[in-house]
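Structural description and commentary
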Amino acid sequence: MIETRANSKKLFIKTYGCQMNVYDSDRMMDALAPHGYETTLDMAQADLVLLNTCHIREKASEKVFSELGRLRELQDERRALGGDMMIGVAGCVAQAEGEEIARRAPVVDMVFGPQAYHRLPDMLARAEAQRHLHPSLKRAVVDTDFPEEDKFEHLPAAKKEVTIKRGLTAFLTVQEGCDKFCSFCVVPYTRGAEVSRPVAQVIAEARGLVEAGVKEITLLGQNVNAYHGVDDKGRTVGLGALAYLLAEIGGLERLRYTTSHPRDMDDALMAAHRDLDILMPYLHLPVQSGSDSILKAMNRRHTAAEYLDVIERIKTVRPDMALSGDFIVGFPGETDQDFEDTLKIIADVGYASAYSFKYSTRPGTPGATLGDQVAEEVKTERLHRLQELVNTQTTAFHQSCVGKTLPVLIERPGRQAGQVGGRSPYLQAVHLEGSAELIGAIHPVEIIGTSTNSLVGRLKAA
Ligand code: 5AD
Ligand code: SF4
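Summary of the structure given here. All chains use their own residue numbering, which begins from 1 and follows the written sequence. Chains carry letters and ligands carry numbers; both start at the beginning, A for chains and 1 for ligands, and go up in the order they are written. Given that the model is predicted, a residue must reach a pLDDT of at least 70 before its local features are reported, and side-chain atom pairs must reach 80 or more before they are shown or counted; all residues, however, enter totals for whole chains, interfaces and linings. Think of the side-chain values as coming from all heavy atoms in the structure, minus any hydrogens and water.

**Things to note about the overall build of the protein chain**
A count of helices and strands for the protein chain gives 14 helices and 21 strands. Note that the radius of gyration is over C-alpha atoms, with the globule rule given as 2.2 Å times the number of residues to the power 0.38. Taking 462 residues into account, the globule formula puts the C-alpha radius of gyration at 23 Å, and the protein chain, at 23 Å, falls close to it. C-alpha extents for the protein chain along the principal axes are approximately 65 × 60 × 50 Å. For every residue, the accessible area obtained with a 1.4 Å probe (protein chains only) is divided by the maximum for its type, and the residue is called buried under 20%, exposed over 50%, and partly exposed between those limits. Per-residue burial over the protein chain gives 53% buried out of 462 residues. Here, residues are in contact when the closest pair of their heavy atoms is within 4.5 Å. Put simply, 73% of the contacts in the protein chain that link residues at least 6 apart link residues at least 24 apart. Roughly 20,900 Å² of accessible area belongs to the protein chain as shown, and the carbon and sulfur atoms make up 52% of that amount. When charges are counted, neither His nor the chain ends are considered; positive counts come from Lys and Arg and negative counts from Asp and Glu. Think of each charge as sitting on NZ of Lys, CZ of Arg, CG of Asp or CD of Glu. One way to put it: in the protein chain the 53 positive side-chain charges average out to a point 3 Å from where the 63 negative ones average out. By the criteria applied, helices consist of DSSP H or I runs no shorter than four residues and strands consist of E runs no shorter than two, each listed in order from the N terminus. Accessibility throughout is a Shrake-Rupley quantity obtained with a 1.4 Å probe, and a residue counts as covered only by protein chains that appear here.

**Digging into the sheet that holds strand β15 (residues 322-329)**
DSSP calls a pair of strands paired once it identifies at least 2 bridges connecting them. As summarised here, the arrangement of the three strands in space is β14-β15-β16, forming an open sheet in which the pairing is parallel. Each edge of the open sheet carries a strand with a single partner, namely β14 (282-284) and β16 (353-358). Averaged over all pairs of adjacent strands, the angle between strand axes in this sheet comes to 10 degrees, irrespective of strand direction. Bridging between β14 and β15 involves three bridges; their strand directions are parallel. When the bridges of β15 are listed, Leu 283 appears paired with Leu 323. The strands touched by helix α14 (residues 376-401) within the sheet are β15 and β16, with β16 carrying the most contacts at an inclination of about 175 degrees. Lines are fitted to the C-alpha atoms to define the axes, a helix being fitted only along its stretch in contact, and any angle between axes, read from their N-to-C directions, falls within 0 to 180 degrees.

**Remarks on the site of ligand 1**
Near ligand 1 the following residues occur: Ile 56, Arg 57, Phe 184, Gln 288, Asp 326, Ile 328, Phe 357, Lys 358, Tyr 359, Ser 360 and Arg 362. Polar contact is defined as a pair of N or O atoms within 3.5 Å, subject to the rule that within protein one atom must be able to donate a hydrogen and the other to accept it, and that residues adjacent in sequence are counted only when both atoms are side-chain atoms. One of the side-chain nitrogen or oxygen atoms of Arg 57 is found 2.8 Å away from an oxygen atom of ligand 1. Between ligand 1 and Phe 184 there is a distance of 3.0 Å, counted from a nitrogen atom to a backbone nitrogen or oxygen. For ligand 1, whose free accessible area comes to 400 Å², the fraction covered by protein is 87%. For this scheme, ten residues count as nonpolar: Ala, Val, Leu, Ile, Met, Phe, Trp, Tyr, Cys and Pro. Four count as charged, namely Asp, Glu, Lys and Arg, and the remainder, Gly too, count as polar. The residue inventory of the shell around ligand 1, partitioned by class, reads five nonpolar, two polar and four charged. Nearness is defined per residue: one heavy atom within 4 Å of the molecule or strand is enough.

**What to know about a negative patch on the surface**
A patch is a set of surface residues, each over 30% in relative accessible area and not in a salt bridge, joined within 9 Å for like charges and within 5 Å for the nonpolar side chains Val, Leu, Ile, Met, Phe, Trp and Tyr. When a carboxyl oxygen of Asp or Glu lies within 4 Å of a side-chain nitrogen of Lys or Arg, that pair is called a salt bridge. On the surface, Asp 292, Glu 306, Asp 309 and Glu 312 cluster together into a patch of negative charge. When residues of the negative patch are assigned to their parent elements, the largest contribution, three residues, is made by helix α12 (residues 304-317). For Asp 309, the location among the structural elements is in helix α12.

**So, the sheet that holds strand β13 (residues 254-258)**
One key point about sheets: their strands pair by backbone hydrogen bonds, in either a parallel or an antiparallel sense. A sheet is described by the order of its strands in space; here three strands give the open sequence β7-β10-β13, paired in parallel fashion. In this open sheet, the two edge strands, each paired with only one partner strand, are β7 (169-173) and β13. Strand-to-strand twist in this sheet, taken as the mean axis angle between neighbours without regard to direction, amounts to 25 degrees. One ladder, built from five bridges, connects β7 with strand β10 (residues 216-220); its direction is parallel. Of the residues in β10, the one forming a bridge with Ala 170 is Ile 217.

**Points about the site of ligand 2**
The full set of residues close to ligand 2 is Cys 178, Lys 180, Phe 181, Cys 182, Phe 184, Cys 185, Val 187, Pro 188, Asn 223, His 261 and Arg 300. Classifying every residue of the shell around ligand 2 by side-chain character gives seven nonpolar, two polar and two charged.

**Concerning the side chain of Thr 258**
Position of Thr 258 relative to the elements: it lies in strand β13. Overall, the relative accessible area of 11% leaves Thr 258 in the buried class. Of note is the side chain of Thr 258, whose polar atom sits 3.1 Å from the side chain of Thr 259. In contact with Thr 258, other than residues within four places in its own chain, are Gln 19, Thr 218, Leu 219, Leu 220, Gly 221, Val 224 and His 284.

**Observations regarding the nonpolar core**
Here, the term nonpolar core denotes a set of buried Ala, Val, Leu, Ile, Met, Phe, Trp, Tyr and Cys residues that are joined through side-chain atoms within 4.5 Å. Counting 53 residues, the largest nonpolar core has Ile 217, Leu 219, Leu 242, Leu 246, Leu 255, Tyr 257 and Met 265 as the members making the most contacts within it. The dominant element in this core, judged by the number of residues it contributes, is helix α8 (residues 199-211), at six residues. Non-local contacts of Met 265, meaning those with residues more than four positions away in its chain, are made with Asn 225, Tyr 257, Ser 260, Met 270, Leu 283, Leu 285, Val 310, Arg 313 and Ile 314. The next biggest cluster of nonpolar side chains, apart from the first, holds 23 residues, and it includes Leu 51, Cys 54, Ile 87 and Ala 105.

**Remarks on the environment of Leu 295**
With respect to the helices and strands, Leu 295 occurs in helix α11 (residues 292-297). Once the C-alpha coordinates of Leu 295 and Thr 392 are considered, the two residues, 97 residues apart in sequence, prove to be 25 Å apart. Every residue in contact with Leu 295, bar those within four places of it in the chain, is listed here: Val 287, Ser 289, Arg 300, Arg 301, His 302, Thr 303 and Ala 304.

Structure follows, in structure tokens:
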């Protein structure tokens, strides 16, 4: 039973961006729980609001400042009623623009980057100590250092209460940061150098999740397949070897990982896909562009042919592997022919799904200094064409499942009474007639049709 304390304070965290932020927000909740904070779903009721921000593209960054404007009004309302509201900005925008946020938005009490989450209770105490100072004397607590210590050792591991809320699937961060320095990307600056969590820590957290009822774990990392954790004997373990270790946890039924870089799809990981049933046949493997000259300018350090070769190798070990990717259109210097090459690689691979973005200049990245920017209308037109192609592929992929029987992890009641919903191995949403008793296990489901972005199934007698 979850205890409710009469004098507890209310916490609201708004999460933007990637799954790693989702994981981090949960760890922040865990870190604050022992200090009397419990989460609320109503921002207006919160004593503490944290924005866990994303800096990957310009639009994502801008959202922070508009949200802070809204929060200022909420804070005024609460003060008018004799209450208060503390406001913190976390995540990658905080890391990149720490002091700037404090200057631009005096409403903010704390600004802290992803490497500082274990120091949150301490920062909060320092911010609270200033609460009754005259506004002209208040200073936001800013912590954007990359500390020497391992933040994961100081943060509570993913635990039960969080798991219950999230259900049968959970994220587990195994690796953070990136050393690849793609020329468009802020991640190496906001999340820092690549760091892998030790094997024992990962296994312990995974065991805890499974004991709490989780059936499917998605391992997270900005460069998850570059994982190189240390085991108890001091040996380095890659993602492939880690997958074998996790597969030994009884009760864990599905394992996924994201996001991967083509250069790090090594033989050990391929072997794991060949050998391990729990490793799902769905791989998010961004290529960004199909043009070798753009790939070079992006500093991806592989060619289109090398990417296709990785796909071929993975399909040799797992012929049913479904692929997903990320694409950027309008990188500086991208010609019509470069873009056609991107459409060609998409046609060659055949994606189950894909994310695509217009190039957005990020201050501080090498891409920001390049000339030959692509006009906005050209980016819009290219994005449109690319998305049309991908949509056709996604529909074709869904259609190709009709008539097959897929193992579906039934996760929740359906939208209508008498229905349940779950996920296929390929991460597709599946709806079917069935009672709530099916929830919590993997059942064979015959796919009988498709609807927008999902599959319709029928339970098959086992
Ligand atoms: N502009 C547009 N898209 C970007 N991405 C990363 N940086 C940028 C940028 N500056 C996209 C890439 C990456 C995904 C997470 O976001 O496709 O894989
Ligand atoms: Fe960014 Fe490239 Fe690292 Fe991915 S691999 S996080 S795109 S720098």
